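Listed here are the chains, written in short residue letters.
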Amino acid sequence: MRIFSGIQPSGAIHLGNYLGALKQWVNLQEKNECIFCIVDWHALTVPYNPQELQKSISEKLIAYLAAGIDPNKSIIFVQSQVKEHAELAWLLNTICPIGELERMTQYKDKSKKYKDNINAGLLNYPVLMAADILLYKTQAVPTGKDQEQHVELTRTLARKFNQKFSNKEEFFPEPDSIMPEYGAKIMSLTDPKKKMSKSDDPKSYISLFDAPESITKKIMSAETDSGKDVIYNVTKKPGISNLLVIYSLLTEKSIKDIETEFRGKGYGEFKKSLAQVVINYLEPFRRKKKEFETKDSYVKEILEKGQARARVIAEATMKEVREKMGLI
Ligand code: AQP
């Protein structure tokens, strides 16, 4: 199966991005042809600092490598280095109904969050994402829950393109979403009714590279209800339930077993133990980051090789697309 997925360099990669997306990628690369992108053009749709962008891109690449993405198995590259993404996005824009874009949850959320910067790119973001995916004739897209709607639009656009320009034959496959059973939507530490997001206040998320003291501080002050029983109940105890999910995914213990372990012990003890679990789990990430930061040319080479491999596929697809759309 051909797999494509990406992460935007819009902030620090957090536990949500890891549990929802990255962790699946690592497993999928064993038996599939995987293409993992750092989608920098997407990050320009919200306010950002141009001086910080390259550093943020490098950090994402290091996070991919530290998580276990293997450049010998998977293609890793930066979106803006393969111009065909922009070309296909433009062409797909011409078959995408505006209504489909206006109903997107992420567009609505981000329009509220960045009231002074509701740009056309924010609205068209899902079309660029569809182009990212279809350019590689992708069959499946591993993501968290928040991106499901965008993958659904990608299927719609693939279908429309096939009907209009490919005699109803399958030129673009309609890609499936792959989501983990648990962890597809990790919630914010400061507001457990909202998803964890890298563009939010750093107190609301745990970055893969956070220092141990910072992890402890964030978990100990994570929002929980006024009770003291460590019990999973998303409606009544969204905060503690979110922490239980994180605990369970990082230790591979069932939520039932964790509830039993902390019966009668209260939130304080549970949070202290969770902080230690997270610190230990993320220790190799911090170590590998330091290691890769000293290997500048190795890291650059990975991107150059990745982009060359991605270009071969992208150019072949676009040649066919142009022909089908009457451009040659
Ligand atoms: N809270 C989450 N729980 C599980 N999965 C998540 N993902 C994002 N948040 C969670 C998944 O991580 C990947 C990265 O997505 P992205 O960088 O394209 O942007 P996003 O989905 O908008 O993620 P963020 O963290 O919320 O970034 P910002 O704040 O920049 O918008 C995707 O697979 C996503 O589903």
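Basis of the calculations
- Residues numbered from 1 in each chain as written.
- Predicted model: local features only at pLDDT ≥ 70, side-chain atom pairs only at ≥ 80, totals over all residues.
- Heavy atoms only, no water.
- Axes fitted to C-alpha atoms, helices over the stretch in contact; angles between N-to-C directions.
- Helix = DSSP H or I, 4+ residues; strand = E, 2+ residues; numbered from the N terminus.
- Parallel < 35°, antiparallel > 145°, perpendicular 65-115°, else oblique.
- Left-handed = near helix turned anticlockwise from the far one by under 90°.
- Contact = heavy atoms within 4.5 Å.
- Nonpolar A, V, L, I, M, F, W, Y, C, P; charged D, E, K, R; others polar.
- Buried < 20%, exposed > 50% of the residue type's maximum accessible area, 1.4 Å probe, protein only.
- Pairing = 2+ DSSP bridges.
- Right-handed = clockwise from strand over helix to strand, strands pointing away.
- Domains from an automatic or database assignment.
- Buried area = accessible area lost by both parts, 1.4 Å probe.
- Salt bridge = Lys/Arg side-chain N within 4 Å of Asp/Glu carboxyl O.
- Polar contact = N/O pair within 3.5 Å; in protein donor to acceptor, adjacent residues only side chain to side chain.
- Near = heavy atom within 4 Å.
- Areas by Shrake-Rupley, 256 points an atom, 1.4 Å probe, with all protein chains shown as cover.
- 1 Å grid on protein atoms, 1.4 Å probe; cavity = no way out; pocket = protein on both sides within 12 Å on 5 of 7 lines; lining within 4 Å.
- Sits in = over half its atoms within 2 Å of the grid points.
- Points joined across faces, edges and corners; volume = space filled by probe spheres on them.

For the pair helix H1 (residues 15–28) and helix H9 (residues 238–251), the least separation of the axes is 12 Å and the interaxial angle reads 50°. Considered as vectors, H1 and H9 are oriented oblique to each other. Crossing of H1 over H9 shows left-handed handedness. The segment H1 lies against H9, with Leu15, Leu19 and Lys23 engaging Ile246, Leu249 and Leu250. Of the residues assigned to the contact of H1 with H9, the class counts are five nonpolar, no polar and one charged.

Interhelical geometry of helix H2 (residues 50–67) versus helix H11 (residues 266–293) gives an angle of 125° and a closest axis separation of 9 Å. Here H11 runs oblique to H2, going by the angle between their axes. In terms of crossing hand, the pair formed by H2 and H11 is right-handed. Residues Glu59, Ile62, Leu65, Ala66 and Ala67 of H2 form the contact with H11, whose participating residues are Phe285, Lys288, Lys289, Phe292 and Glu293. Here the residues of the contact of H2 with H11 sort into six nonpolar, no polar and four charged.

Moving on, we get to the environment of Asn72. Secondary-structure assignment places Asn72 in the loop between H2 and strand S3 (75–78). The class for Asn72 is exposed, based on a relative accessible area of 71%. Spatially, the C-alpha atoms of Asn72 and Leu91 are 32 Å apart, while their sequence positions differ by 19 residues.

It is worth spelling out the pairing of strand S1 (residues 2–7) at this point. Among the six residues that make up S1, five are buried, leaving the element largely enclosed by the rest of the structure. Strand direction decides the pairing type here: S1 and strand S2 (residues 33–38), joined by six bridges, are parallel. Counterpart to Gly6 in the pairing with S2 is Cys37. Each parallel crossover has a hand, and the one from S1 via H1 to S2 is right-handed.

Below, the discussion takes up the domain arrangement of the chain. Each assigned domain of the chain is listed with its residue range as follows: domain 1 (2–184 + 296–324) and domain 2 (209–290). Between the C-alpha centres of domain 1 and domain 2 the distance comes to 31 Å. The contact between domain 1 and domain 2 buries some 1000 Å² in all, and 78% of this surface belongs to carbon and sulfur atoms. Our count for the contact surface shared by domain 1 and domain 2 stands at zero salt bridges. Where domain 1 packs against domain 2, one counts one residue pair in polar contact (both at pLDDT 80 or more). Breaking the side of domain 1 that touches domain 2 down by element, the ones donating at least two residues are H1 and H2. Sorting elements by how many residues they give to the side of domain 1 that touches domain 2 places H2 first, with five residues.

In this section: the side chain of Ser166. Mapped onto the elements, Ser166 comes out in the loop between helix H7 (148–165) and strand S5 (176–178). Classification of Ser166 by relative accessible area gives buried; the value is 7%. Excluding its chain neighbours within four sequence positions, the residues that come into contact with Ser166 are Phe161, Phe171 and Lys324.

Before going further, it helps to spend a moment on the site of the ligand. Among the 24 residues in the neighbourhood of the ligand, the closest are listed as Lys110, Asp146, Lys195, Lys198 and Ser199. Ser10 has a polar side-chain atom sitting 2.5 Å from an oxygen atom of the ligand. Side-chain polar atom of Lys198 to an oxygen atom of the ligand: 2.5 Å apart, as the coordinates give it. Protein contact buries 98% of the 640 Å² of open area that the ligand shows by itself. More than half of the atoms of the ligand fall within 2 Å of the grid points belonging to the largest pocket. Put simply, the parts of the chain that give the shell around the ligand at least two residues each are H1 and helix H5 (105–113). In terms of residues, the shell around the ligand owes the most to one element, H1, which gives four residues. Looking at the shell around the ligand, its residues break down into six nonpolar, 13 polar and five charged.

When its volume is computed, the largest pocket comes out at roughly 1000 Å³. When residues of the lining of the largest pocket are traced back to their parent elements, those giving at least two are S1, H1, H5, helix H6 (120–134) and H7. Among the elements that line the lining of the largest pocket, the one with the most residues is H5, at five residues. Taken together, the residues of the lining of the largest pocket sort by class into 12 nonpolar, 18 polar and 13 charged. As a volume, the second largest pocket reaches approximately 420 Å³.

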